[in-house]
Amino acid sequence: GVREISKRMRYTLGWSTTAGAVDNFVYEDANETYIADEDIRRRMLDKNPDALRDMVQTFLEAASKGYWDTSEENLERLRDVYQEC
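Residues numbered from 1 in each chain as written. Predicted model: local features only at pLDDT ≥ 70, side-chain atom pairs only at ≥ 80, totals over all residues. Heavy atoms only, no water.

J.: Residue-level account of the packing of aromatic side chains, with values.
T.: All told, the structure shown has two aromatic pairs when counted by the stated rule. Between Phe59 and Trp68 the ring centres are 5.2 Å apart and the planes differ by 50°, which places this aromatic pair in the tilted class. For Phe59, a relative accessible area of 0% translates into the label buried. You can call Trp68 buried: its relative accessible area is 2%. (Phe/Tyr/Trp six-rings, centres within 6.5 Å; stacked < 30°, edge-to-face > 60°. Buried < 20%, exposed > 50% of the residue type's maximum accessible area, 1.4 Å probe, protein only.)

This is how it looks when you write it as structure tokens:
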């Protein structure tokens, strides 16, 4: 479920932190799949808002630490989703 997806994103950040072994496209694809797709995001919010919030925090942390290079539009969307959770 949503918690498992959130945990996998947290593990991905861990791989970025410890091994630098995660390409930017991994974060971009996950963002497109789970955050930018409004239908998927709404379903995740309905099922487990806490897990979605954790996932959003992981994306924001990855960007702030320089592991994910993304657009300001994506970051703004993440901030908005965080407020929804």
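J.: Lay out the nonpolar core with the relevant residues and their values.
T.: With 20 residues, the main nonpolar core has Tyr27, Ile35, Leu52, Phe59, Trp68 and Leu78 as its most contacted residues. Where this core is concerned, the elements lending two or more residues are α1 (2-19), α2 (24-36), α3 (38-47), α4 (49-64) and α5 (72-84). The biggest single contributor to this core is α4, with seven residues. Apart from residues no more than four positions distant in its own chain, Leu78 is found in contact with Asn31, Ile35, Val56, Phe59, Leu60 and Trp68. (Core = buried A, V, L, I, M, F, W, Y, C linked by side-chain atoms within 4.5 Å. Helix = DSSP H or I, 4+ residues; strand = E, 2+ residues; numbered from the N terminus. Contact = heavy atoms within 4.5 Å.)

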